[in-house]
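Coordinate inspection notes
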Amino acid sequence: QVQLVESGGGPVQTGDSLRLSCAASGRFGSNYVMAWFRQAPGKEREFGAVTLWSVGISSYAESVKGRFTISRDSAKNTGYLQMNSLKPEDTAVYFCAAKIGKQSWDRPNAYPYWGQGTQVTVSS
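We now turn to the structure provided with this report. For clarity, every value in this text was computed on a predicted model and none was experimentally measured. (Residues numbered from 1 in each chain as written. Predicted model: local features only at pLDDT ≥ 70, side-chain atom pairs only at ≥ 80, totals over all residues. Heavy atoms only, no water.)

**Remarks on the nonpolar core**
The following threshold applies: Here, nonpolar core means buried Ala, Val, Leu, Ile, Met, Phe, Trp, Tyr and Cys residues that are tied together by side-chain atoms lying within 4.5 Å of each other. Only protein chains enter the area calculation, which uses a 1.4 Å probe; residues under 20% of their type maximum are buried, those over 50% are exposed, and those in between are partly exposed. Each helix is a run of DSSP H or I of at least 4 residues and each strand a run of E of at least 2, with the numbering of both proceeding from the N terminus.
Leu-4, Leu-20, Phe-28, Trp-36, Leu-81, Met-83 and Tyr-94 are the most contacted members of the largest nonpolar core, which totals 35 residues. Looking at this core, the elements that each hand over two or more residues are β3 (18-24), β4 (32-39), β5 (46-52), β7 (68-73), β8 (78-83), β9 (92-100) and β11 (118-123). It is β4 that contributes the most residues to this core, six residues altogether.

**What to know about the pattern of salt bridges**
Spelled out, the test is: Any carboxyl oxygen of Asp or Glu within 4 Å of a side-chain nitrogen of Lys or Arg constitutes a salt bridge here.
Counted according to the given criterion, the structure contains four salt bridges. Notably, a salt bridge pairs Glu-46 with Arg-38, separated by 2.6 Å at the nearest N-O pair. Of the residues examined, Glu-46 reaches a relative accessible area of 34% and is grouped as partly exposed. The residue Asp-90 makes a salt bridge to Arg-67 at a minimum N-O spacing of 2.7 Å. Residue Asp-90 is located in the loop between β8 and β9, and its partner Arg-67 is located in the loop between β6 (58-60) and β7; the two are separated by 23 residues in the primary sequence.

**A closer look at unusual backbone geometry**
Here the phi dihedral of Ser-85 falls at roughly 50°; this positive angle occurs in a residue that is not glycine. Assignment of secondary structure puts Ser-85 in the loop between β8 and β9. Of note in this structure, Ser-104 is not a glycine but carries a positive phi near 55°. For Ser-104, a relative accessible area of 39% translates into the label partly exposed.

**What to know about the sheet that holds β7**
Worth spelling out the cut-off: A pair of strands is treated as paired once DSSP finds two or more bridges between them. Angles shown run from 0 to 180 degrees and are taken between the N-to-C directions of axes, each axis being a line fitted to C-alpha atoms and, for helices, limited to the stretch in contact.
Strand order in the open sheet formed by four strands is β1-β3-β8-β7, and the pairing between neighbours is antiparallel. Unpaired on one side and paired on the other, β1 (4-7) and β7 mark the two borders of the sheet. Between one strand axis and the next, the sheet turns through 20° on average, direction left out of account. When β7 meets β8, the two strands line up antiparallel, connected through six bridges. Across the sheet, residue Asp-73 finds its bridge partner in β8, namely Thr-78.

**As for the state of the cysteines**
Here is the rule we go by: Two cysteine sulfurs form a disulfide in these notes if their separation is within 2.5 Å.
Following the criterion strictly, the structure yields one disulfide and no others. Bridging Cys-22 to Cys-96, the disulfide has an S-S length of 2.1 Å. Across the disulfide from Cys-22 to Cys-96, rotation about the S-S bond amounts to roughly 65°, and the bridge is consequently right-handed. Within this pair, whereas Cys-22 is found in strand β3, its partner Cys-96 is found in strand β9, the two being separated by 74 residues in sequence. Side by side, Cys-22 and Cys-96 carry an identical accessibility label, which is buried.

**So, the packing of aromatic side chains**
Filter applied, for reference: Any two rings among Phe, Tyr and Trp, with Trp reduced to its six-membered ring, count as a pair given centres within 6.5 Å; such a pair is stacked if its planes are under 30 degrees apart, edge-to-face if over 60, and tilted if neither. Lysine and arginine charges are scored as sitting over a ring when NZ or CZ, respectively, is within 6 Å of the ring centre and within 35 degrees of the ring normal.
In the structure shown here, the tally under the stated rule is eight aromatic pairs. For the pair Phe-28 and Tyr-32, a centre-to-centre distance of 4.8 Å together with 20° between the ring planes defines the contact as stacked. In terms of burial, Phe-28 and Tyr-32 fall into one category: buried. The interplanar angle of 70° and the centroid separation of 5.8 Å between the aromatic rings of Phe-37 and Phe-47 together place this pair among those described as edge-to-face. Residue Phe-37 is found in strand β4, and its partner Phe-47 is found in strand β5; the two are separated by 10 residues along the sequence. Here Phe-37 falls in the buried class, since its relative accessible area comes to 1%. On the basis of relative accessibility, which here comes to 12%, the residue Phe-47 falls in the buried class. Among the aromatic side chains, those forming a connected cluster through ring pairs are Phe-37, Phe-47, Phe-95, Trp-105, Tyr-111 and Trp-114. Across the ring face of Tyr-80, the terminal group of Arg-19 is positioned such that the distance to the ring centre comes to 3.9 Å. Positioned above the aromatic ring of Phe-95 is the side chain of Arg-45, whose terminal nitrogen or guanidinium carbon lies 4.0 Å from the ring centre.

Take a look at the structure:
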C-alpha cells in the first residue's frame, strides 16, 4: 500500500515561486508514475504534471508548461513540484497521486493513491 503526504503550500503573491513536496511511504517499484493535480473551489480536478519515476521523464499540462517543473529524489522517495511565475489562477488545492503504469496519466480516476492535498493561494 502506498501513502502520500504533500507539503509546501501556502500564500504567495503573483510572480512568486513555491516548491511542493510529496513524500511516499515505502519504495516505488518499476513502472510507477507520480503526478500532480489541482482543484479550485467549484471546479473539476485537473492534471498538472506527471513523471515516470524510474527515468524521470515528465509531461505537463499546457496551463503550467514552462512555469512548473516536476522532479523526484529517489533516495528520499519524494517527489517535487517547483512552481515559478505563479498566477492567481494557480490558486487551488494541489494533490500528488501515484499509480502503476503510464496509461491514462492525465486522468484523476486512473490514480488509486492520493495525498491529502496542500493549499496554494496566489494573490495579486
